[in-house]
Amino acid sequence: MKCKFCEKKAFIKLHYPKMYLCREHFIEYFERKVKRTIEKYKLLKRDERILVVVSGGKDSAVVSYVLKKLGYNIECLYINLGIGEYSAKSEEYAKKQCEMINAKLHIVRVRELLGAGIGELKTSRPTCSYCGITKRYIFNKFAYDNGFDVIVTGHNLDDEASFIFGNIMNWNTQYLAKQGPLLPGEGKFVKKVKPLYEVTEREVVAYALAVGIDYMVEECPHARGATTLSYKEILNDMEEKRPGTKINFVKGYLRKRHLFEQEIEEVEFKECKVCGMPALGEKCSFCKVWRLEKPIDFRIKPQISST
Ligand code: Q46
């Protein structure tokens with residue numbers, strides 16, 4: 001098949017909107033879509049200091065690549081979770097991806113910082129639960145300590161659709177009131193945005209291939225059997241039968257999100273007595289899980305030049 005816009009051979013068949021595109025026109029289409037998402041939801045400003053959270057995987061590699069190409073002022077943060085071979089390998093991918101786009105990369109290693117890797121801590125919480133707490137705390141505190149204006153994550157349309165779907169399945173109305181492509185900053189919480197909000201996982205994979213981004217394919221060993229994967233399978237099945245299901249579901253959710261607003265319980269944040277970050281009790285979840293007695297300073301040390 002030929003590209004819809006030129007005589008070249010098609011690189012991809014898109015299902016929604018249905019069209020064949022050559023490699024060059026697909027790259028243009030994808031970047032335009034990300035640019036429009038940024039403009040439509042007012043995600044980023046040109047003068048903001050942007051911290052992209054990278055994992056070595058395709059989504060964060062693609063979002064940092066596109067933002068750099070669009071001329072945004074980005075730096076990247078990789079969090080090594082200390083999960084054996086998986087973390088060692090993903091760190092290497094993250095380094096190569098940042099080198100490719102000439103973006104500054106900061107690395108925080110959980111084992112060096114906290115004395116144990118994810119999966120090794122003795123706690124009653126499931127591994128993914130305290131891993132999530134750890135990652136969210138580190139990237140927020142890192143951004144806050146170093147004066148970044150905004151945190152970018154690589155969540156794509158499939159992630160968002162399955163997250164909303166899962167929360168509807170469990171009637172987590174609190175979560176349903178607050179999701180979206182932009183989570184505003186407040187106090188010591190730094191603003192978070194998702195520029196890949198309207199592109200599918202399939203499009204992200206195709207874009208990485210089209211521009212030559214190498215990424216970590218292996219999933220985290222703790223991800224096996226995660227319920228979100230079953231939600232993704234269900235949505236993929238529906239998308240195949242009715243192209244456009246995911247984007248219409250997510251856009252419909254954004255239109256109806258206000259219906260859940262009355263479910264928001266006003267919570268009053270205190271300051272964690274250990275680190276001073278927002279906390280619901282005396283200590284924030286991060287300091288509680290890791291049983292910390294002293295705060296961690298994430299400020300980037302100035303480079304000492306030898307000349
Ligand atoms: S939460 Fe769980 Fe992920 Fe952390 S332990 Fe691995 S699967 S990395 S997105």
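Residues numbered from 1 in each chain as written. Predicted model: local features only at pLDDT ≥ 70, side-chain atom pairs only at ≥ 80, totals over all residues. Heavy atoms only, no water.

Student: Give me the environment of glutamine 179: which residues, what numbers.
Tutor: Summarising the element assignment, glutamine 179 is placed in the loop between helix H7 (173–176) and strand E7 (182–183). Residues glutamine 179 and phenylalanine 5, spaced 174 residues apart in sequence, show a C-alpha to C-alpha distance of 36 Å. If near-sequence neighbours (up to four positions away) are discounted, glutamine 179 is found in contact with Phe163, Lys194, Tyr253, Leu254 and Arg257. (Helix = DSSP H or I, 4+ residues; strand = E, 2+ residues; numbered from the N terminus. Contact = heavy atoms within 4.5 Å.)

Student: Tell me about the nonpolar core, and name the residues and values.
Tutor: Membership of the largest hydrophobic core comes to 61 residues, with the highest contact counts inside it found for Phe26, Phe30, Leu44, Val52, Leu67, Ile74 and Tyr207. Filtering out sequence-adjacent residues up to four positions away, phenylalanine 30 remains in contact with Val62, Val66, Leu196, Val199, Glu203, Val204 and Tyr207. Grouped together as the second largest cluster of nonpolar side chains are 38 residues, Val53, Phe142, Phe148 and Cys275 included. (Core = buried A, V, L, I, M, F, W, Y, C linked by side-chain atoms within 4.5 Å. Buried < 20%, exposed > 50% of the residue type's maximum accessible area, 1.4 Å probe, protein only.)

Student: Account for the UniProt feature "binding site: Zn(2+) 2" (unreviewed entry) in the protein chain, naming residues and giving values.
Tutor: Per the UniProt entry, the sites bearing "binding site: Zn(2+) 2" (unreviewed entry) are Cys272, Cys275, Cys284 and Cys287 in this numbering. What stands out for the annotated residues spanning 16 residues is how close their C-alpha atoms remain, the widest pair being 8.2 Å apart. Mapped onto the secondary structure, cysteine 272 falls in the loop between strand E9 (270–271) and strand E10 (278–279). Beyond its immediate sequence surroundings of up to four residues, cysteine 272 is in contact with Met277, Ala279, Glu282, Lys283, Cys284 and Cys287. Note that cysteine 287 resides in helix H11 (residues 285–289). Setting aside anything within four residues of it in sequence, one finds cysteine 287 in contact with Cys272, Val274, Cys275 and Leu292. (UniProt positions renumbered as here; feature names shortened; annotations may be inferred.)

Student: Describe a nonpolar patch on the surface, with residues and values.
Tutor: A cluster of nonpolar residues, Phe189, Val267, Phe269 and Leu280, forms a patch on the protein surface that exposes about 380 Å² of accessible area. Within the element layout of this structure, phenylalanine 269 appears in the loop between helix H10 (245–256) and E9. With a relative accessible area of 44%, phenylalanine 269 lands in the partly exposed category. (Patch = residues over 30% accessible without salt bridge, like charges linked within 9 Å, V, L, I, M, F, W, Y side chains within 5 Å. Areas by Shrake-Rupley, 256 points an atom, 1.4 Å probe, with all protein chains shown as cover. Salt bridge = Lys/Arg side-chain N within 4 Å of Asp/Glu carboxyl O.)

Student: Got a sec to walk through the pattern of salt bridges? Specific residues and values, please.
Tutor: Applying the stated criterion to the full structure yields 26 salt bridges. Arginine 111 is paired through a salt bridge with glutamate 120; the nearest N and O atoms lie 2.9 Å apart. For glutamate 120, a relative accessible area of 41% corresponds to the partly exposed category. Linking aspartate 237 and lysine 241 is a salt bridge whose minimum nitrogen-to-oxygen distance equals 3.1 Å. Residue aspartate 237 and its partner lysine 241 are both found in helix H9 (residues 227–241); the two are separated by four residues, about one turn of the helix.

Student: Before we move on, could you go through the environment of glycine 154 and cite the residues and values that matter?
Tutor: Counting through the fold element by element, glycine 154 comes out in the loop between strand E6 (150–152) and helix H6 (157–169). Once you skip the residues sitting within four places of it in the chain, glycine 154 turns out to touch Asp59, Ser60, Val63, Asp159 and Leu196.

Student: Before we move on, can you summarise the environment of valine 34 with the specific residues and values?
Tutor: With respect to the helices and strands, valine 34 occurs in helix H1 (residues 23–40). Separated by 113 residues in sequence, valine 34 and glycine 147 place their C-alpha atoms 25 Å apart. Dropping the residues within four chain positions of it, valine 34 is found in contact with Val66, Pro195, Leu196 and Val199.

Student: Give a description of the packing of aromatic side chains that names residues and reports values.
Tutor: What the rule picks out here adds up to 14 aromatic pairs. Through successive ring pairs, a cluster of aromatic residues spans Phe11, Phe26, Tyr29, Phe30, Tyr65 and Tyr207. Arginine 46 extends its terminal NZ or CZ atom over the ring of tyrosine 72, reaching a point 4.0 Å from the ring centre. One residue, lysine 96, lies across the ring of tyrosine 93, its end atom 5.6 Å from the ring centre. (Phe/Tyr/Trp six-rings, centres within 6.5 Å; stacked < 30°, edge-to-face > 60°. Lys NZ or Arg CZ within 6 Å of the ring centre and 35° of its normal.)

Student: How would you explain the sheet that holds E7 if you had to name every residue and give the values?
Tutor: Through backbone hydrogen bonds, the strands of a sheet pair up, either in parallel or in antiparallel fashion. On the basis of which strands lie adjacent, the open sheet formed by six strands has the order E5-E4-E3-E6-E8-E7 and mixed pairing. Lying at the two open borders of the sheet, with one neighbouring strand each, are strand E5 (104–109) and E7. Of the strands in this sheet, strand E3 (50–54), strand E4 (74–80) and E5 touch helix H3 (residues 84–101), which is tilted by about 170 degrees from E4. Each of E3, E4, E5, E6 and strand E8 (191–193) touches helix H5 (residues 127–145); the most contacted strand, E4, lies at about 145 degrees to it. (Pairing = 2+ DSSP bridges. Axes fitted to C-alpha atoms, helices over the stretch in contact; angles between N-to-C directions.)

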